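Topology and contacts: notes
For reference, the chains in residue letters:
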Amino acid sequence: MADAGATVIVRLDGVEKHFGAVRALDGVDFSVSAGECVGLVGHNGAGKSTLMHVLAGTLAPDDGGIAVGGADQIGYAVVLAQRLGIRCVFQELSLCPNLTVAENARINHAALKGLGWRRRAGDLILAKLDEIFPGHGIGPGDVVRDLPIGKRQMVEVARAFTVTVDPLRLVILDEPTSSLDSQTAGQLLAFVRRVVAGGASGVLISHLLGEVLENSDRIVVMRDGKVVAADRAAAFDRDKLVTAMGAAGKPAHADAERAAERPTAAPVRVRARPERQADGAELVAHEGEVIGLAGLSGHGQTELLLAIFNGAARRTDRIEVTAPVALVAGDRQADGIFPLWSIGQNIGIRSIAGLRKGLLISRASEEEFAAAWQKKMNIRTPDIRNNILSLSGGNQQKALFARALGSDARIVLMDDPMRGVDIGTKREVYELIRQEARNGRTFLWYTTETDELENCDHVYVFRNGRIVADLRRGELTEEKVIQSSFQAAG
Amino acid sequence: MTLVRTLVGRPWIWSFVGALAVWLAAIAFTGGYGAGGMLTAALSLAVFMVIVGVGQMFVITLGPGNVDLSLPANIGLASAVAMKVMDGNDPMVAIGLVAALGTGMAIGAANYLLIWALRIPPIIATLSASFIIQSIDISYGRGLQIKPPPGFADFTITQVAGIPILAILTLLFSIGAGIVLHRTVYGRLVTAVGQNIRAAWLAGIPVGRIRFLTYTLSGTLGGLNGALLAGYFRGANVDIGNEYLLASIAVVVIGGTSVAGGKANLPGVWGAALFLVLLLTMLNTFGVSAGVRLLVTGLVIVGVITAAGGQKASR
Amino acid sequence: MSMAASSAAASARLPWVAGIRPRRLLRALLPALSLTLILIGIAWLNPRAISYFGFNLMLNLAIPIALATIAQMFVITGNDLDLSIGTFVGFVGCVTATWLRDDPLVGALVLIGAISVYAALGALIYLRNLPSIVVTLGMSFVWQGLAILLLPKPGGKAPDWLLQLMGFKPPWVPFPIIAAVVIAVVAHVGLMRTSYGAVLRGAGGNPVAISRAGWSLLKTKAIMFALAGTFGVLSGMALIGITTSADANIGNGYTLLSIAGVILGGGEFVGGRVSPIGAVIGALTLALAASPLLTFMHIPPDWQVGANGAILIIVLAARALISRREG
């Protein structure tokens, strides 16, 4: 808890940053005191990440001042920031996949050189991993490329907290739990609270409002490049935050129409049995159903989705798919976006064969198609012909949805597509999914956020590559899901 | 003014500007003598670079690491096949061409087989294939002294108002290739695969098929080039294609196609081909030695790419 | 979770042996396995080749090839490709056979200047974000042109001290093998074991992360290319020490040989994943397969070139088969 007289570690005054015509930061005042954890919330595109990049020194502001420890900084940059004790863990992981865990630790600490550096680096990172995530199972000689994404995030976070020469004053965490399961997320947040109690400071950016409310001393809300609300955490609750962030409309539970049971007389669209399944349990999806895949992250959900995706082309005895399949990727950068193309081209790529006139693609049809989907998905952009990267993350995800929904696919697989997406976008997409399901499309939805499972008719809980529970809508509670995911598989 | 601005904004314009500059420099040296002849000769030779350049452009657009290094060997073998099948008879020209195209197509398909079945990186696959093709060519073409059919040979050097017929045909071909690139599903899918192969697969694109078609296309164009070169230079030989390895890559890159894949520039291939050929012509006009010629060509390539700069970083 | 990470997760659950996955071990051993196979082939075809004298002769050219392969390895570590290493080796050879002998100071300055040019190229590639394939393509013409200007016809003579060095005949173990081991150890320690070596490799694996951590990517790129230039110079000098005289085209095959050697040794074009020891072994394998093995197999000269290609394909196919099972 920070008292009124606590020292201010870092202060940003009137910071501005433009990217071309986009005003990412429009005059922001922001400060963090010693011994406090500041939660930073806002929609995608509100400017949170940009502000943190300025704070960490990786982006130079166009205007405004930065003061660290009371001293104004001129020519502030990453190296200086590190020396002053500011560390950050960004959403895009900063590990080198071809190096080992220990070598990655060395990268961040220029002081780890000379004879025996490898042992020292290894000890350093291992000690920190043990401190934050007891029972982590990571070795300093592990090559990062071989680690699952949850473990990679653990390494990245632990590395940010390691100290050699420079002190640790402020740690910025941008969506730190997005790839962690609930157990490790809990360990991390508990650690952050300990560190803050010990006198250091933290900035926590998260879309999980519950997380922010529970772990921050103070909360700052951003919208459209400006700070619109800032107060002690106790003064906020979920609804107040959502209102301040600017999401209009009903809270998540409003849609009671889901109560209607899906008729199981509808034809079976997908039948799939995970490779490791010994007891014959399988995932069955009927037309018009929304099926959830849950459980701790990295326990076989994505593998099954991929197997189903491949199963549309090649039938195997494990997988049966009776209609065209589309997949919406969660890792946009790696699995979804074509970065040189426009928004329209990205949306239309799955349906391109149908947009022809004769042998050639018709530009008019393409543009019509794109415009229709922009409207339907409510993609916020001044021009559908702009490059896809001009969109915010949430809108990019909408474009990927449009690509899948605009195609002839009757089955849509979703690989945790809402990671790092703002609440407003999420709500719009949930509604769209429900609508499409009513019209006969089938959705298979892997998500790491148990809240989202409320949209599903059935939830299959995974553990160690097997289905361990099959919960119907009526039986669905957060406790039940978590409970089954921790049970030993049958 | 806006016309100039749109022109300047096009990436391919610079290769044409370069070609123009070189031509002017050469004319300045000769005092205007032979300016027209220089252009005609340049067009004649540029044709061969464009044909394989287009194939190479499609391959390079498939994404990082994709390049067809088997072109020289391909051209060499196809020229020998064409000459042997045509056997100096004009009526056999069509069949000879088909045979050369077929050879090239088979080579392209074999390249892809290595890449796909054995998961060998394209650079090594096409390189290894080129070694094998070279050996086939050496033993097949042993003692080959066959001249091309007179009608065919004449056709390759025929001109209409100072412009070689081959150049006109190649221009039409390039326009066709441009349409394929920008307005067909195949072309769209190639650029998708080149930007993000994983996303392409997950978007339901038949990545393997697209790559197969592209390598086969490049091979076929190599075969065509081999036949035409044999006609133009009046005979086949193993080394006839040697300069086209570097030339095919250079015209693609100098012409503005992205080496990282996903962005092809077809007019640029023409501009770059003209530029390179005129550069060599200019150097010949200046009477420089082989060493200086190589030196200047190299420095120009480095200079051009430095001036143009690379792909802007995506952040 | 992204697709790539989930397949990594799947393979992470395979059984471990002393901290190393069995299939990963197999993949790492593949270069050594191919070398052994080729040696067995040679031994079977011509048992007398397996002798001090035989190895000395067969592995003669392995030293310059290995040095060129290490040069290429440094460039590939940074996600680039050097298409000019072959003609550069030829240029260095020409300088060695002329200036280095007749006017050693000038010769040494020229070679040092050449290394600086390489470093400058690295800096240029970084600053202007250029595709290395094109830049090195252009430079290959430059080096070739300079070599031809220096030695229009084959000739020149290697300096005596170089001839003595390369003609050294240590007891029991042939010189090329000792040299190969030294080269492999130096490169391995330098790139894989030093703390800055980790930074250099990291610059290939995730350049953004490296620069965010405060390291200069300009420096890493320039250093990688400078190292490539240095090993290229060593390769050219070693080559002339063996062939005693030079010609402008002498190194032309080394570009593709060096790339093949790095890949054979388990390296990959992107991601900063290379193996110095594997690269040297790959170079030795190629040196053996390129000529001695084929001669012993009585392959007609027409087909020798083709056989090179076939050998390359076979080894890579083996690697693919093992990798596929590794997942």
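Computed from a prediction, not measured in an experiment: that's the story for all the values here.

Attention now goes to the sheet that holds strand E19 (residues 442-446) of chain A. Residue and element names in this part refer to chain A. A sheet is described by the order of its strands in space; here six strands give the open sequence E15-E18-E19-E13-E20-E21, paired in mixed fashion. Each edge of the sheet is formed by a strand with only one pairing partner; in this case those strands are strand E15 (325-328) and strand E21 (466-472). Averaged over neighbouring strand pairs, the angle between their axes works out to 20° when direction is ignored. Summarising the sheet, strand E20 (residues 458-463) and E21 pair through six bridges and their orientation is antiparallel. Within E21, the residue paired with Val461 across the bridge is Ala469. On top of the sheet, helix H9 (residues 301-311) reaches strand E13 (290-294), E15, strand E18 (411-415), E19 and E20; it is set at about 150° to E18, its chief contact.

What follows concerns the interface of chain A and chain B. In this assembly, 27 residues from chain A lie in contact with 24 residues from chain B. Taken together, the two surfaces of chain A and chain B that pack against each other cover about 2100 Å², and 62% of this comes from carbon and sulfur. Among the residues of chain A in contact with chain B, Phe338(A), Leu340(A) and Ile361(A) are the three that bury the most area, contributing 26% of the side total. The interface formed by chain A and chain B includes two salt bridges.

With that settled, consider the environment of Ile210(C). Checked against the element boundaries, Ile210(C) lands in helix H12 (residues 207-212). If we skip the residues at most four places from it in the chain, Ile210(C) touches Cys96(A), Ile107(A), Val199(C), Gly202(C), Ala203(C), Trp215(C) and Leu217(C).

A word on helix H8 (residues 165-183) of chain B. The terminal C-alpha atoms of H8(B) lie 27 Å apart, and with 19 residues this matches the ideal 27 Å at 1.5 Å per residue to within 8%. Looking at the buried positions of H8(B), the neighbouring elements they touch are helix H3 (35-61), helix H7 (150-157), strand E2 (163-164), helix H9 (185-195), helix H11 (207-232) and helix H13 (266-286) of chain B.

Moving on: empty space enclosed by the protein. Residues and elements named next belong to chain A. One pass over the structure, following the stated rule, counts five cavities of 30 Å³ or more. Looking at the largest cavity, its volume works out to about 70 Å³. Elements represented by at least two residues in the lining of the largest cavity include exactly E15 and helix H13 (393-405).

This next bit is on the sheet that holds strand E7 (residues 170-174) of chain A. All names here are of chain A. If you walk across this open sheet you meet the six strands as E6-E7-E8-E3-E9-E10, and the pairing is mixed. Unpaired on one side and paired on the other, strand E6 (86-89) and strand E10 (226-232) mark the two borders of the sheet. With direction set aside, neighbouring strand axes in the sheet form an average angle of 15°. In this structure, E6 lies alongside E7, joined through four bridges in parallel fashion. Bridge assignment links Val89 to a residue of E7, and that residue is Leu173. Set on the sheet, helix H8 (residues 238-245) makes contact with strand E3 (37-41), strand E9 (218-223) and E10; between it and E9 the angle comes to about 30°.

What follows covers a nonpolar patch on the surface. Residue and element names in this part refer to chain B. A cluster of nonpolar side chains, contributed by Phe155, Val160, Ile163, Ile168, Leu169, Leu171, Leu172, Ile175 and Ile179, occupies part of the molecular surface with about 740 Å² of accessible area. Counting residues per element, the nonpolar patch draws most heavily on H8, which supplies six residues. Among the structural elements, Ile168 can be located in helix H8.

The tally for this structure, following the rule as stated, stands at zero disulfides over all chains. Unpaired in this structure, Cys37(A) has its nearest cysteine sulfur neighbour in Cys88(A), at a distance of 15 Å.

As a further point, take the side chain of Thr191(B). With respect to the helices, strands and loops of the structure, Thr191(B) is situated in helix H9. Within polar-contact distance, the side chain of Thr191(B) engages the backbone oxygen of Arg188(B) at 2.9 Å. Setting aside anything within four residues of it in sequence, one finds Thr191(B) in contact with Trp341(A), Thr61(B) and Gly262(B).

Turning our attention to H9(A). Within H9(A), nine of the eleven residues are buried, which leaves the element mostly enclosed by the surrounding structure. All of the buried residues in H9(A) are Gln301(A), Thr302(A), Leu304(A), Leu305(A), Leu306(A), Ala307(A), Ile308(A), Phe309(A) and Gly311(A).

What follows deals with the packing of aromatic side chains. Considering all chains together, one arrives at 16 aromatic pairs over all chains under this definition. Each ring, one from Phe338(A) and one from Trp341(A), has its centre 5.1 Å from the other, and the planes form 55°; the classification is tilted. Note on Phe338(A): relative accessible area 0%, which makes it buried. Pairing Tyr430(A) with Trp445(A) gives two aromatic rings, centres 5.6 Å apart and planes at 55°, and the pair type is tilted. Of this pair, Tyr430(A) sits in helix H14 (residues 423-438) while Trp445(A) is found in strand E19, placing the two residues 15 residues apart along the sequence. A relative accessible area of 0% means that Trp445(A) is categorised as buried. Pairwise contacts between aromatic rings join Phe88(C), Phe91(C), Tyr118(C) and Trp143(C) into one cluster. Here Lys84(B) stacks its cationic end above the ring of Tyr140(B), 4.3 Å away from the centre of that ring. In this structure, Arg188(B) is placed above the aromatic ring of Trp341(A), and the distance from its NZ or CZ to the ring centre is 6.0 Å.

Core analysis: the biggest nonpolar cluster contains 197 residues, and Ile124(B), Ile70(C) and Phe88(C) have the highest contact counts within it. Per-element tally for this core: the top contributor is H3(B), with 16 residues. Discounting residues that sit within four places of it in the chain, Phe88(C) has contacts with Ala114(C), Tyr118(C), Trp143(C), Gly229(C), Gly232(C) and Val233(C).

A few words on the interface of chain C and chain B. When the parts of a complex come together, some accessible area is lost, and that lost area is often taken as the interface size. Between chain C and chain B, the contact holds 42 residues from the first and 46 residues from the second. With both chains or domains summed, chain C and chain B bury close to 3800 Å², and 79% of this area falls on carbon and sulfur atoms. Considering only the surface of chain C that becomes buried against chain B, Phe141(C), Asp302(C) and Ile313(C) emerge as the three largest contributors, covering 16% of it. Counting the contacts that link chain C with chain B gives zero salt bridges. Of all the elements in the fold, those that place two or more residues in the side of chain C that touches chain B are helix H1 (3-12), helix H8 (132-150), helix H14 (254-264) and helix H17 (301-326) of chain C. Looking at the side of chain C that touches chain B element by element, the count peaks at 15 residues for H17(C). A breakdown of the residues in the side of chain C that touches chain B according to their chemical character gives 29 nonpolar, nine polar and four charged.

All names here are of chain A. It is at 8 Å that the axes of helix H3 (residues 101-108) and helix H4 (residues 117-132) come closest, and there the two elements cross at 95°. By the angle between their axes, H3 is roughly perpendicular relative to H4. Listed contacts from H4 to Val101, Ala102, Glu103, Ala105 and Arg106 of H3 are Trp117, Arg118, Ala121, Gly122 and Ile125. The residue makeup of the contact of H3 with H4, split by class, is six nonpolar, one polar and three charged.

On to the packing of helix H5 (residues 93-117) of chain B against H11(B), then. Residues and elements named next belong to chain B. Where H5 meets H11, the axes come as close as 7 Å, and the angle between the chain directions of the two elements is 145°. Taken as a pair, H5 and H11 cross one another with a handedness that is right-handed. Between H5, through Leu97, Ala100, Leu101, Gly104, Met105, Gly108, Ala109, Asn111, Tyr112 and Ile115, and H11, the contact on the second element is made entirely by Gly208, Arg211, Phe212, Tyr215, Thr216, Gly219, Thr220, Gly223, Leu224 and Ala227. Of the residues that constitute the contact of H5 with H11, the class distribution is eleven nonpolar, eight polar and one charged.

A few words on the pattern of salt bridges. Evaluation of the coordinates by the stated rule reveals 22 salt bridges over all chains. Between Glu131(A) and Lys128(A) there is a salt bridge, with the nearest N and O atoms lying 3.2 Å from each other. Here Glu131(A) pairs with Lys128(A), and both are found in helix H4, just three residues apart, close to one helical turn. Take Lys128(A): its relative accessible area is 16%, and that puts it in the buried class. Each of the salt bridges in this network shares a partner with another, and the network as a whole consists of Glu103(A), Arg118(A) and Arg201(C).

Take unusual backbone geometry next. Look at Arg119(B): it is not a glycine, yet its phi comes out positive at around 50°. Residue placement: Arg119(B) occurs in the loop between H5 and helix H6 (122-140).

On to the environment of Asn249(C), then. Residue and element names in this part refer to chain C. Relative to the helices and strands, Asn249 resides in the loop between helix H13 (217-243) and H14. You can call Asn249 partly exposed: its relative accessible area is 44%. Between the C-alpha atoms of Asn249 and Thr77, which are 172 residues apart in sequence, the distance is 27 Å.

A word on the confidence of the model for chain C. Residue and element names in this part refer to chain C. Taken as a whole, chain C shows an average pLDDT of 86; of its residues, 91% reach a score of 70 or greater. In the predicted structure, residues 4-19 sits below a pLDDT of 50 and forms 26 contacts with residues beyond four places in sequence or in another chain. For this predicted complex, the interface confidence reaches an ipTM of 0.85, while the overall pTM sits at 0.81.

Rules of the game
Residues numbered from 1 in each chain as written. Chains lettered and ligands numbered in written order. Predicted model: local features only at pLDDT ≥ 70, side-chain atom pairs only at ≥ 80, totals over all residues. Heavy atoms only, no water. Pairing = 2+ DSSP bridges. Helix = DSSP H or I, 4+ residues; strand = E, 2+ residues; numbered from the N terminus. Axes fitted to C-alpha atoms, helices over the stretch in contact; angles between N-to-C directions. Contact = heavy atoms within 4.5 Å. Buried area = accessible area lost by both parts, 1.4 Å probe. Salt bridge = Lys/Arg side-chain N within 4 Å of Asp/Glu carboxyl O. Expected span 1.5 Å × (residues − 1). 1 Å grid on protein atoms, 1.4 Å probe; cavity = no way out; pocket = protein on both sides within 12 Å on 5 of 7 lines; lining within 4 Å. Points joined across faces, edges and corners; volume = space filled by probe spheres on them. Patch = residues over 30% accessible without salt bridge, like charges linked within 9 Å, V, L, I, M, F, W, Y side chains within 5 Å. Areas by Shrake-Rupley, 256 points an atom, 1.4 Å probe, with all protein chains shown as cover. Disulfide = S-S within 2.5 Å. Polar contact = N/O pair within 3.5 Å; in protein donor to acceptor, adjacent residues only side chain to side chain. Buried < 20%, exposed > 50% of the residue type's maximum accessible area, 1.4 Å probe, protein only. Phe/Tyr/Trp six-rings, centres within 6.5 Å; stacked < 30°, edge-to-face > 60°. Lys NZ or Arg CZ within 6 Å of the ring centre and 35° of its normal. Core = buried A, V, L, I, M, F, W, Y, C linked by side-chain atoms within 4.5 Å. Nonpolar A, V, L, I, M, F, W, Y, C, P; charged D, E, K, R; others polar. Parallel < 35°, antiparallel > 145°, perpendicular 65-115°, else oblique. Left-handed = near helix turned anticlockwise from the far one by under 90°. pLDDT = per-residue confidence, 0-100.

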